[in-house]
Amino acid sequence: MKPVRSHQSSPLHGTIRVPGDKSISHRALMFGAMAVGETKVTGLLEGEDVLSTAAAMRALGASVERGDDGIWTVRGRGVGGFSEPTGVLDMGNSGTAARLLMGILATQSFTTFMTGDASLCSRPMERVMTPLRPIGVGFVSRSKGRMPLAIQGTDAPMPITYELPVASAQVKSAVMLAGLNAPGKTTVIEPNPSRDHTEKMLTHFGAEVVVEEQENGGRVITLTGQPELVARDVIVPTDPSSAAFPVVAALITPGSDITVEAVGMNPLRTGLFTTLKEMGAKITALNTRVEAGEEVADLKVEYSELHGVTVPANRAPSMIDEYPVLAVAASFAKGTTHMEGLEELRVKESDRLAVVVESLKACGIDVEEGESSMTVVGTGEPALGGGEIKSRLDHRIAMSFIVFGMASQKPVSIDDAAPIDTSFPGFSDLMNGLGAKIKETANS
Ligand code: S3P
């Protein structure tokens, strides 16, 4: 346990760069491990989640090494070329690592055992097993499809067509990765588009992926199986989901003016910035450019008088990880912010809908929880704060309420900030460098 207290901050000033994108980092290691040749990865997120993926790739026979210059080198085994791990793969806290690997391991001709921490072992895995079974893979899991589980891979995979019942890039990616090793075409239909890093990066590594936009806003993604993936270098942009924390902190801390450099601006990830601008946020994207196939920009962010808005349900996939910190911004805005389409928040690292509501209440906020919605009422004045927050193995809960404490009247305490290392190592030091007052406190 690593308890911290976040006290009212000085105005935030300075230029920072947040760590590499978590989604892209996992994929760079996995796809590099399935390619023939040597893949160099620059800007990899060295957070615990991604290190779990690195360890799993090594256990499966790929070579994954960090150079002294911070560049990672992956020597791959080819699609379908992994070897049976001798132990249980521990995916730690990472749903992305676990679910994408289930897709990859579905078509390796051996059985793999997989586990994770208490949070991951409580998350639903049936959503990945359901589409993978028709490919020919067998699963044995704990009740209700929970981890630990075993994946009995098939050596005669069948290509499938699958329509996603939930907007999930992890489920989409698992099906596509299983399809890599199946003959013919694997098709995924997604009614509401989720992040497309798998589509983009598989194309970068030489796979044939065709994406058709539908009139109703959905997408049909078709992958041609059994390509030879060829090693390609990857430059990882910084993570917009991590940039979200200093951005909101600057918006709610009076007198702030910061720049967050080279933020990934993939349009399927920027729903939070769109919403904050609708709330009156002064966020200016400068030097917008494309780096290694992904859009990036430097974000200049100034303290702003925010007002409440209604966030439409169809925006949820493009900001799914950002609702906790949006709820913090809404607490400092004037008026009512209503968020809909939040059912997926209930199955993240924690039940984020319930945990955000309970934590906001502990900080004196008027908030209402619906089955799949949340309504936050702000006064436009600094919120009271003073809550004692349980982070519940959820990095984004810990960071969101540290940000809350930066602008609230009373400090906010977090029982355990250790989960932050899964996605944003160095978070407190970086924020303190801007003017925050985040202090470690003694274990009680
Ligand atoms: C991710 C997809 C999202 C997101 C997660 C990362 C990915 O999960 O919440 O942090 O890298 O594919 P879902 O697929 O469950 O929506």
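From a predicted model like this one, the values you see are computed outputs, not experimental measurements.

The rules behind these values
Residues numbered from 1 in each chain as written. Predicted model: local features only at pLDDT ≥ 70, side-chain atom pairs only at ≥ 80, totals over all residues. Heavy atoms only, no water. Domains from an automatic or database assignment. Contact = heavy atoms within 4.5 Å. Buried area = accessible area lost by both parts, 1.4 Å probe. Salt bridge = Lys/Arg side-chain N within 4 Å of Asp/Glu carboxyl O. Polar contact = N/O pair within 3.5 Å; in protein donor to acceptor, adjacent residues only side chain to side chain. Axes fitted to C-alpha atoms, helices over the stretch in contact; angles between N-to-C directions. Helix = DSSP H or I, 4+ residues; strand = E, 2+ residues; numbered from the N terminus. Parallel < 35°, antiparallel > 145°, perpendicular 65-115°, else oblique. Left-handed = near helix turned anticlockwise from the far one by under 90°. Nonpolar A, V, L, I, M, F, W, Y, C, P; charged D, E, K, R; others polar. Near = heavy atom within 4 Å. Areas by Shrake-Rupley, 256 points an atom, 1.4 Å probe, with all protein chains shown as cover. Pairing = 2+ DSSP bridges.

**Q** Describe the domain arrangement of the protein, and please don't skip the residues or the numbers.
**A** One can read the domain layout of the protein as domain 1 (4–20 + 237–443) and domain 2 (22–235). Look at where the C-alpha atoms of domain 1 and domain 2 centre, and you get two points 29 Å apart. At the interface, 25 residues of domain 1 touch 28 residues of domain 2. Interface of domain 1 and domain 2: buried area, both sides summed, is about 2,300 Å²; carbon and sulfur atoms make up 49% of it. A per-residue breakdown of the area domain 1 buries against domain 2 is headed by Leu268, Pro317 and Thr422, which together make up 24% of the total. Residue Arg123 is joined to Glu349 by a salt bridge in which the shortest nitrogen-to-oxygen separation is 3.9 Å. Where domain 1 meets domain 2, there are 14 residue pairs in polar contact (both at pLDDT 80 or more).

**Q** Got a sec to walk through the packing of helix 10 (residues 352–362) against helix 11 (residues 395–407)? Specific residues and values, please.
**A** The relative placement of two packed helices is expressed as an angle between their axes plus a distance between the axes. Interaxial distance between helix 10 and helix 11 falls to 11 Å at its minimum, and their mutual angle equals 25 degrees. Accordingly, the angle class assigned to the pair helix 10 and helix 11 is roughly parallel. In this structure, helix 10 crosses over helix 11, and the sense of that crossing is right-handed. On helix 11, the residues that touch Arg352, Val355, Val356, Ser359 and Leu360 of helix 10 are His395, Arg396, Ile397, Phe401 and Phe404. Partitioning the contact of helix 10 with helix 11 into residue classes produces 6 nonpolar, 2 polar and 2 charged.

**Q** So what about the site of the ligand? Which residues, and what values?
**A** Surrounding the ligand, one finds Ser23, Arg27, Thr96, Arg99, Ala167, Ser168, Ala169, Gln170, Arg195, Ile320, Asp321 and Lys348. Within the backbone of Gln170, one N or O atom sits 2.8 Å away from an oxygen atom of the ligand. Against a free-state accessible area of 390 Å², the protein chains account for coverage of 95% of the ligand. Listing elements by their share of the shell around the ligand, those giving two or more residues are helix 1 (22–34), helix 3 (95–105) and helix 5 (169–179). Here the residues of the shell around the ligand sort into 3 nonpolar, 4 polar and 5 charged.

**Q** How would you sum up the sheet that holds strand 23 (residues 412–414)? Please name residues and give values.
**A** Taking strand neighbours across the sheet as the criterion, the 4 strands line up as 22-23-1-24 in an open arrangement whose pairing is mixed. Each end of this open sheet is capped by a strand with a single partner; those strands are strand 22 (388–389) and strand 24 (437–440). Pairing between strand 22 and strand 23: 2 bridges, direction parallel. Bridging from a neighbouring strand, Glu388 pairs with Ser413 of strand 23.

**Q** Please provide a residue-by-residue account of the sheet that holds strand 7 (residues 111–115), values included.
**A** Strand order in this open sheet of 4 strands is 6-7-9-8, and the pairing throughout is mixed. Each having just a single partner strand, strand 6 (89–90) and strand 8 (138–142) make up the two edges of the open sheet. Helix-sheet contacts for helix 3 involve strand 6, strand 7, strand 8 and strand 9 (146–152), and the interaxial angle to strand 7 is about 175 degrees.

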